[in-house]
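Structural description and commentary
Listed here are the chains, written in short residue letters.
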Amino acid sequence: MSTFTQHDPSRSIRAARGTEITAKSWQTEAPLRMLMNNLDPEVAERPEDLVVYGGTGRAARSWEAYDAITRTLENLEDNETLLVQSGKPVGVFTTNKWAPRVLIANSNLVGDWANWPEFRKLEAEELMMYGQMTAGSWIYIGTQGILQGTYETFAAVGRKLQAEGRLAAGAENEGPLAGTLTLTGGCGGMGGAQPLAVTLNDGACLIVDVDETRLRRRASKRYLDEVETDLDTAIAKVNQAKAERRGWSVGYVGNAAEVFGELLRRHTAGELTIDVVTDQTSAHDPLSYLPEGVSVEQWHAAAAADPEDFTLKAQASMAKQVRAMVEFQDAGAEVFDYGNSIRDEARTGGYDRAFEFPGFVPAYIRPLFCEGLGPFRWVALSGDPEDIRVTDEALKELFPENAHLHKWLDAAAERVEFEGLPARICWLGYGDRAKAGLLFNRLVAEGKVSAPIVIGRDHLDSGSVASPYRETEAMADGSDAIADWPLLNALTAASSGATWVSIHHGGGVGIGRSIHAGQVSVADGTELAAAKLEALLTNDPGMGVIRHVDAGYDRAHEVAAERGVRIPMAE
């Protein structure tokens, strides 16, 4: 067995800035910089361990593998493709200029072996790593990467409460959550987007996390307004914000398994009224969820010493937290799973009502997926924030009628602090993503931005994932677990000019529960890039449209007919 190094506190990685490149072209400089950006201390949760986010989601399997990847990218030709197997570079083949420069497969296991114990065994033998979604595919952009999706979700929650008469409509200039209080848990790399998403919708938010350093980190980046260690003080502050109908977030240091139950007691007693309850702890991996009775300092040692016992304790604590969430719903709160498998872990932990509240996709997001709408993210490889300002303004000019997009871009420019290379995300649908990609390529060609732009997305998209506890929960035709779609999505991206393509297993919800695909492209100002971008950014969201047409959604049929998406069985 090789002696790979996964912990090296002496390593500090930061992507290059500017227009000088060390690779042979921007098509290979881009994945090089994005891999390095994933491990920037501003971006990654534990960069010394190659962990980007999500408990154990890594960018590379080992430091030796990381060094081999970066060395290969620096020397890769524009007709060669690097193959990466679970974070380890395993080969380079001659392909062609339209082929991806990098193909990545992470954490993929055959069905009967697709479980955490088998994965951990293989990981311990240095044969695999957990790539999460955008950690092992080198397109993580910090907490901002999930911010707009979270913002869209909470906006939909507020609109639902208003439509059902459970919340009075606010003033014209107020967000849909004005006058509400949201309770949630988990303030890590993904969950850390929640407080800002709530406050951008003018709601008050109380977020619970066991690790004070996570809360302090989000506060330092303005995703969270303040941190409290006294529960009474935290409650008083969010109650005041709710009464004043202003957005404000407070992070409370505590274990959600304990705190949710105590807040339920106070809610029932009338000490406060909690309107919305959700959670985004790292419940997808029981070893990344701290059970009651274990301190933060003991956490990793206890999990490593006896993973099976730790898992049972974590599942019991998740069952307790989910019980409180269900009882909040019984008491009239809007409750939803934000996609971390906590319901299934709670069910395994012995709580038989765990699935009585819905996941966020069927509850709020699926109508957007039917239009191919989803997360469109881009990164300024120059490292210059001015390039993002230029792209923001250009997008507003490109889509002058999209007031919702304008509001989001203005809010992001004002409130979002960049982590690592400057980046932005917005949700665009079928047709609009291709227009945006071509626009960015023109900006590069005309010198209006100082270096090429990387364009990617989350693996959480309309047609790129099979995840029965999240994106494909409760599909209209019962096709929740059919994983052909993300595989077709990856093949389509590879055929359409993506610069790098990835297929992962288990991201977001845990091993055995999802298959998903990602793609990234580079707007380098060339005619070849323009042709690739038009094909890729048309076909990729088109997968979302055809996936939902196939499942029987009327809106997807309408979009396909309106926008010329060919459906053979309908012709």
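A brief report on the enclosed structure follows. This one's a predicted model, so the numbers in the text were calculated from it and none came from an experiment.

**A few points about the sheet that holds strand E10 (residues 276–277)**
- Strands sit in the order E8-E9-E7-E6-E10-E11 across an open sheet of six strands; the sheet is parallel. Looking at strand neighbours, the two that pair on one side only are strand E8 (226–228) and strand E11 (334–335), the edges of this open sheet.
- Sheet topology note: the E10/E11 ladder contains two bridges and is parallel. Following the sheet pairing, Val 276 is matched in E11 by Glu 334.

**Some remarks on the packing of aromatic side chains**
- The full count for this structure, using the stated rule, is 15 aromatic pairs.
- Plain terms: the ring middles of Tyr 53 and Tyr 140 are 4.5 Å apart, the flat faces sit at 15° to each other, and that makes the pair stacked. Here Tyr 53 is found in strand E1 (residues 51–53), whereas its partner Tyr 140 is found in the loop between helix H3 (116–124) and helix H4 (144–163), with 87 residues between them in sequence.
- Plain terms: the ring middles of Phe 336 and Tyr 364 are 5.2 Å apart, the flat faces sit at 80° to each other, and that makes the pair edge-to-face.

**Looking at the side chain of Asn 201**
- Checked against the element boundaries, Asn 201 lands in the loop between helix H5 (194–200) and strand E7 (204–209).
- For Asn 201, a relative accessible area of 2% translates into the label buried.
- A polar contact is formed between the side chain of Asn 201 and the backbone oxygen of Ala 197, at a distance of 3.0 Å.
- In this structure Asn 201 touches Tyr 151, Phe 154, Ala 155, Gly 175, Pro 176, Leu 177 and Ala 178, once residues within four positions along its chain are discounted.

**Some remarks on the packing of H4 against helix H12 (residues 360–369)**
- H12 packs onto H4 with a crossing angle of 95° between their chain directions and a minimal axis gap of 10 Å. Put simply, H4 runs roughly perpendicular to H12. The residues of H12 that touch H4, namely those facing Thr 153, Ala 156, Val 157 and Lys 160, are Phe 360, Tyr 364 and Ile 365.
- Residues that form the contact of H4 with H12 fall into these classes: five nonpolar, one polar and one charged.

**What about the nonpolar core?**
- Trp 138, Trp 378, Phe 440, Val 454 and Trp 500 are the most contacted members of the largest nonpolar core, which has 108 residues in total.
- Looking at which element gives the most residues to this core, the answer is H4, with seven residues.
- What Val 454 contacts, discounting residues up to four positions off in sequence, is Ala 30, Met 34, Ile 139, Arg 377, Trp 378, Val 379, Leu 381, Trp 500, Val 520, Ser 521 and Val 522.
- In this structure, Tyr 252, Phe 260, Val 277 and Ala 354 belong to the second largest nonpolar core, which totals 38 residues.

**Quick look at the pattern of salt bridges**
- Applying the stated rule across the entire model yields 50 salt bridges.
- Through salt bridges with shared partners, a single ionic network connects Asp 232, Glu 262, Arg 265, Arg 266 and Glu 271.

**Quick look at the environment of Pro 468**
- Considering the arrangement of structural elements, one finds Pro 468 in the loop between strand E15 (465–466) and helix H16 (484–495).
- Taking the C-alpha atoms as reference points, Pro 468 and Pro 31, 437 residues apart in sequence, are found 31 Å from one another.
- Discounting chain neighbours no more than four positions away, the residues touching Pro 468 are Glu 473, Asp 480, Ala 481 and Arg 513.

**As for H16**
- In a regular helix each residue adds 1.5 Å, so 12 residues correspond to 16 Å; H16 covers 16 Å between its end C-alpha atoms and thus fits that length.
- Here H16 has its buried residues at Trp 485, Pro 486, Asn 489, Ala 490 and Ala 493. Angular distribution of buried residues about the axis of H16 spans 140°; they occupy a single face of the element. In H16, the exposed residues that point more than 90 degrees away from the buried face are Leu 491 and Ser 495.
- Elements in contact with the buried residues of H16: E15, strand E16 (500–505), strand E17 (515–523) and helix H17 (527–550).
- A positive phi of about 100° marks Gly 497, the residue just after H16.

Reading guide: rules and limits
Position numbers for residues count from 1 along each chain, tracking the sequence in the order it is written. Totals for whole chains, interfaces and linings use all residues, but because this is a predicted model, local features are given only for residues with pLDDT of at least 70 and pairs of side-chain atoms are given and counted only at 80 or more. The side-chain numbers reported here are obtained from all heavy atoms of the structure, hydrogens and water having been left aside. DSSP bridges decide pairing: two strands pair if at least two such bridges lie between them. Secondary structure follows DSSP: runs of H or I at least 4 residues long count as helices, runs of E at least 2 residues long count as strands, and numbering of each begins at the N terminus. Pairing of aromatic rings covers Phe, Tyr and the six-membered ring of Trp, with a centre-to-centre limit of 6.5 Å; geometry is then stacked below 30 degrees between planes, edge-to-face above 60, and tilted otherwise. When a residue's accessible area, from a 1.4 Å probe over protein chains only, is under 20% of the maximum for its type it is buried; when over 50% it is exposed; and in between it is partly exposed. Polar contact criterion, stated in full: a pair of N or O atoms within 3.5 Å, where within protein one must be able to donate a hydrogen and the other to accept it, and residues adjacent in sequence count only if both atoms are side-chain atoms. Residue contacts are counted whenever heavy atoms from the two residues lie within 4.5 Å of one another. Note on geometry: axes are lines fitted to C-alpha atoms, helical ones only across the stretch in contact, with angles between N-to-C directions running from 0 to 180 degrees. By definition in this entry, angles of less than 35 degrees are roughly parallel, angles greater than 145 are roughly antiparallel, angles of 65 to 115 are roughly perpendicular, and the rest are oblique. Residue polarity follows a fixed list, in which Ala, Val, Leu, Ile, Met, Phe, Trp, Tyr, Cys and Pro are nonpolar, Asp, Glu, Lys and Arg are charged, and the others, Gly among them, are polar. Residues enter a nonpolar core if they are buried and are Ala, Val, Leu, Ile, Met, Phe, Trp, Tyr or Cys, with the set joined through side-chain atoms within 4.5 Å. Counted as salt bridges are all cases of a side-chain nitrogen of Lys or Arg within 4 Å of a carboxyl oxygen of Asp or Glu. Here the expected span of a helix is defined as 1.5 Å times the quantity of residues minus one. This arc is built from the directions going out from the helix axis to the C-beta atoms.

Functional significance is not addressed by these values, which are geometric in nature.
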